[in-house]
Structure formats: C-alpha cells, structure tokens
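# Topology and contacts: notes
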Amino acid sequence: MPELHHVLVWDGKTERGLCDVIWHDETISEVRKTTRVFSSFSFVLIPGLIDTHVHLASYAGIDSVDYRTWPLITHPTERVLHAYVNARKALTAGITTLRDMEAGWCQISLREIIGQGLLPGPRVLAYGMVGMTGGHADLFTPSAVEPRLQPVADGVDACRKQVRTFARMGMDGIKIATGGGVLSMGDRPTWRNYTDAENAAIVDEAHSLGLPVAAHAHDAKAIDAALRARVNSIEHATLLTECQAQEIVQRGLSVAPTILINNRIATETVPVRPEIVQKARELVT
C-alpha cells in the first residue's frame, strides 16, 4: 500500500503532529504517529479544500476571450471539456469539492463521470439558477439573442415549476438572485431581483424537495431579502452590515464572499468593459 512518512498532519480541527500516512484505493486507511527520527519534514497534509462558488463551464485557456460571446459561439460539448479542465486545475490546487453556481447538463454530466470514477476530479455540486426575465442571470445573453443561455421564470407558479424541473434533472441545489450583479449587462447590484413572494416560493419548493438554496446578493437590501426568504447561503454579501453578519452567524449560514474576482474587476486586472469596472469599484471601495 502507498505510504507517506514523517508528514505534518492537520485533520481539520487539530494538529496531529508528525505522522506516517497509509492509504489504499485512494482512501486513507491509517494515520499513525511516526516512530522515525528526521531533522525536518517534507509535506503538510490537510483535508481537501472546498470552493463554494465556481462557474466551471468557462473558458479554460490561457489567453483572453469575451465572456459574453464565448458561451454563445462555443458548442456545449466543447464547454464540457473546458469545465473538466477547470475542475482538474482546482484539484491540483488541493480543492476536492466544487459548488457550481450556474449549472446545467454540463455540470451534472461532469459530476456523474467524476463520481463514477471514470475520470479523476473533484466532487462537483451542481446548483441550478432560477432567475427572472431581465434579472442578473438573464443579462449575460444579449437581448437580441435567442434562445437564452439560462431559462427564466416569472411569477410564483413559474418559479416553483423551474425548481421542480431542476430537481428532476438531478441538481444538488438551487440558486436565486435577490439583487443585481456586476458582470451581468445593463443592471446594477442595487436593483431588486424577484419579489418576496417569488423568493419565498422558490425556497419553499426547493426545501420541500430536499434542495438547499443559495442567494446571490451584493447590497444590504438584497441580503435582507435573502434572509427573509430563509436561504441556506449568501453569495458575495459585499455590502454586508454588522447586524446582518450577526444574524447569519446565529442561523449558521455560510457566505461565499468572492473577494478575489471583485477586486480583480475593480483594479482592471481582468478584461471587462468600463461600466463593469465602475460597478465593482462602487462595491469594494
């Protein structure tokens, strides 16, 4: 069986000191205190990291592409391959679980192939996005282009149906937007997405089907709407208030702050339009 000797082990809660680690069939079978004497150690072993907010079906190359047009001119089969390359990059960085926050059949297929052991990769959780017409999720497709990249749902009944459709597809969770976004075209992070009634219907339907709900929310109003709807996690939470933070802690909710991409947009280290830069700067400065 493969072994690592004299490695420093942190199990996620406590440091276990210098250990010998033995594994079998890709599963650790034993971690024991080392009995060998060395002057130094070569590795630190930690649990796999988790990235709770990714978009796997994005361009995986090293050159720049227009994020608005690339999905429209790239066949879904090719996008699956880009998604797999992105997943493998994450795995080589020590990330063993990824939560894709705008999933479709691409991510579901990737999850199944990796889960069956047919290809090596991290665990993938697929969240389907329920979004309104003209909302954050809808504004990545130019208005003159049909069909949309993502389905839209308006009104309580349509929102419930979209959740049921995603559940039938085998999604691991549901994502909603309670406010506008940065990269979406023509909106503002402060704009409301969905009414309280629609948010409540989405969360109620998702929870009744055993699906957690994540809410895209940048400003305080959007965060309040997400909390009223009883979501399970907040995405971005850029303008989070102290009172909201206390409530989130009390409820035991998770927050994915996505600080890196917000800062990169605001400092123009990624190729985006000036209005996108301005929206990011208003959030992070």
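Above this note sits the structure.
Because the structure is predicted, anything quoted here is derived from the model rather than measured.

## What to know about the pattern of salt bridges
A side chain of one charge can pair with a side chain of the opposite charge when the charged atoms of the two come close. Here the structure, examined in full by the defined rule, presents 15 salt bridges. Here arginine 273 ties to glutamate 275 by a salt bridge, and the two come within 2.6 Å at their closest N and O atoms. Using a relative accessible area of 18% as the deciding quantity, one classes arginine 273 as buried. You can call glutamate 275 partly exposed: its relative accessible area is 40%.

## A few points about the layout of surface pockets
For the second largest pocket, the calculated volume is near 390 Å³. Ile28, Leu45, Ile46, Gly48 and Thr96 are, among the 15 residues lining the second largest pocket, the residues nearest its centre. For the lining of the second largest pocket, the elements supplying multiple residues, two or more each, are strand 2 (15-24), strand 3 (27-33), strand 4 (44-45) and strand 6 (95-100). Tallied by class, the residues present in the lining of the second largest pocket amount to 10 nonpolar, 4 polar and 1 charged.

## Here's the deal with the packing of helix 2 (residues 76-92) against helix 3 (residues 105-115)
Where helix 2 meets helix 3, the axes come as close as 10 Å, and the angle between the chain directions of the two elements is 55°. Relative to helix 3, helix 2 is oriented oblique. Here helix 2 runs over helix 3; the crossing is right-handed. Judged by residue contacts, Arg79, Val80, Ala83, Tyr84 and Ala87 of helix 2 engage Cys106, Leu110 and Ile114 from helix 3. Considered class by class, the residues forming the contact of helix 2 with helix 3 number 7 nonpolar, no polar and 1 charged.

## Examining the nonpolar core
Judged by nonpolar contacts, the single largest core of 31 residues is most densely connected at Val130, Ile174, Ile176, Ile202, Val231 and Ile234. Elements with a contribution of two residues or more to this core: strand 7 (123-130), helix 4 (156-169), strand 8 (173-177), helix 5 (196-208), strand 9 (213-217) and helix 6 (220-228). Once residues lying within four places of it in the same chain are set aside, the contact partners of valine 231 are Ile176, Val203, Val213, Ala215, Ala226 and Leu253. Ranked by size, the runner-up nonpolar core spans 13 residues in total, among them Ala57, Ala83, Ala90 and Leu98.

## Some points on the packing of helix 4 against helix 5
Direction vectors running N to C along helix 4 and helix 5 enclose 30°, while the axes themselves pass 9 Å from each other. The angle between helix 4 and helix 5 places the two elements in the roughly parallel class. Crossing geometry of helix 4 relative to helix 5 is assigned as right-handed. Across from Val156, Cys159, Arg160, Val163 and Arg164 in helix 4, the residues of helix 5 making contact are Ala197, Glu198, Ala201, Ile202, Asp204, Glu205 and Ala206. Here the residues of the contact of helix 4 with helix 5 sort into 7 nonpolar, no polar and 5 charged.

## Points about the pairing of strand 3
Sheet analysis places strand 2 next to strand 3, joined by 6 bridges and oriented antiparallel. Paired with cysteine 19 across the two strands is lysine 33, which belongs to strand 3. Connecting the antiparallel pair strand 2 and strand 3 is a turn made up of 2 residues, with aspartate 25 showing a positive phi of about 55°.

Calculation rules
Residues numbered from 1 in each chain as written. Predicted model: local features only at pLDDT ≥ 70, side-chain atom pairs only at ≥ 80, totals over all residues. Heavy atoms only, no water. Salt bridge = Lys/Arg side-chain N within 4 Å of Asp/Glu carboxyl O. Buried < 20%, exposed > 50% of the residue type's maximum accessible area, 1.4 Å probe, protein only. 1 Å grid on protein atoms, 1.4 Å probe; cavity = no way out; pocket = protein on both sides within 12 Å on 5 of 7 lines; lining within 4 Å. Points joined across faces, edges and corners; volume = space filled by probe spheres on them. Helix = DSSP H or I, 4+ residues; strand = E, 2+ residues; numbered from the N terminus. Nonpolar A, V, L, I, M, F, W, Y, C, P; charged D, E, K, R; others polar. Axes fitted to C-alpha atoms, helices over the stretch in contact; angles between N-to-C directions. Parallel < 35°, antiparallel > 145°, perpendicular 65-115°, else oblique. Left-handed = near helix turned anticlockwise from the far one by under 90°. Contact = heavy atoms within 4.5 Å. Core = buried A, V, L, I, M, F, W, Y, C linked by side-chain atoms within 4.5 Å. Pairing = 2+ DSSP bridges.

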